[in-house]
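# Survey of secondary and tertiary structure
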Amino acid sequence: TRDPPRDSEAWRSGTTPLFGARFPLFVHDEVLAELSFSRAHEGATRMAEVMCHVMRTYVPDLPVRAEPALMRRWTKAAETRRDAAGRLVPWEEAA
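None of these values were measured; they are calculated from a predicted model. (Residues numbered from 1 in each chain as written. Predicted model: local features only at pLDDT ≥ 70, side-chain atom pairs only at ≥ 80, totals over all residues. Heavy atoms only, no water.)

With that settled, consider the pairing of strand E1 (residues 22–27). A regular strand places its side chains on the two faces of the sheet in alternate fashion. As judged from the 4 bridges shared by E1 and strand E2 (residues 30–34), these two strands associate in the antiparallel manner. Pairing of phenylalanine 26 across the sheet is with valine 31, part of E2. What sits between E1 and E2 in their antiparallel hairpin is a turn of 2 residues, with histidine 28 showing a positive phi close to 50°. (Pairing = 2+ DSSP bridges. Helix = DSSP H or I, 4+ residues; strand = E, 2+ residues; numbered from the N terminus.)

In this model, helix H2 (residues 40–58) (19 residues) spans 27 Å end to end at C-alpha, consistent with the 27 Å of a helix rising 1.5 Å per residue. Buried within H2 we find Ala40, His41, Gly43, Ala44, Met47, Ala48 and Cys52. Buried residues in H2 make contact with E1, E2 and strand E3 (70–71). (Expected span 1.5 Å × (residues − 1). Buried < 20%, exposed > 50% of the residue type's maximum accessible area, 1.4 Å probe, protein only. Contact = heavy atoms within 4.5 Å.)

It is worth spelling out a nonpolar patch on the surface at this point. Taken together, the side chains of Val54, Met55 and Tyr58 define a hydrophobic patch exposed on the protein surface, amounting to about 330 Å² of accessible area. With respect to the helices, strands and loops of the structure, tyrosine 58 is situated in helix H2. Residue tyrosine 58 is classed as exposed on the basis of its relative accessible area, which comes to 63%. (Patch = residues over 30% accessible without salt bridge, like charges linked within 9 Å, V, L, I, M, F, W, Y side chains within 5 Å. Areas by Shrake-Rupley, 256 points an atom, 1.4 Å probe, with all protein chains shown as cover. Salt bridge = Lys/Arg side-chain N within 4 Å of Asp/Glu carboxyl O.)

So, on to the pattern of salt bridges. Counted according to the given criterion, the structure contains 6 salt bridges. Ionic pairing is found between arginine 87 and glutamate 42, a salt bridge with its closest N-O pair at 2.9 Å. Of this pair, arginine 87 sits in the loop between E3 and strand E4 (90–91) while glutamate 42 sits in helix H2, and the two are 45 residues apart along the sequence. Note on arginine 87: relative accessible area 33%, which makes it partly exposed.

Honestly, that's just the spatial picture; any functional story needs more than this.
Structure representation (structure tokens):
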């Protein structure tokens, strides 16, 4: 597992939902993170915000969006799932 750079949001402030996150894998346009389950919704939402913000510096004239998804094991098939309150919940493969 790779630690984030020491100046990243994941290390700087205990007030960010990304504090303490680990980023074990970067796959093309996907960033995988290990987050505490108690902060998973907030952390995944913040990751999507950061990804969009940074990408807009490179392609300011194009629409940029990132859709977060939670999962217990990575799979390309995962989709965003939300509960009745609109909070992210882990995607589960159909049995």
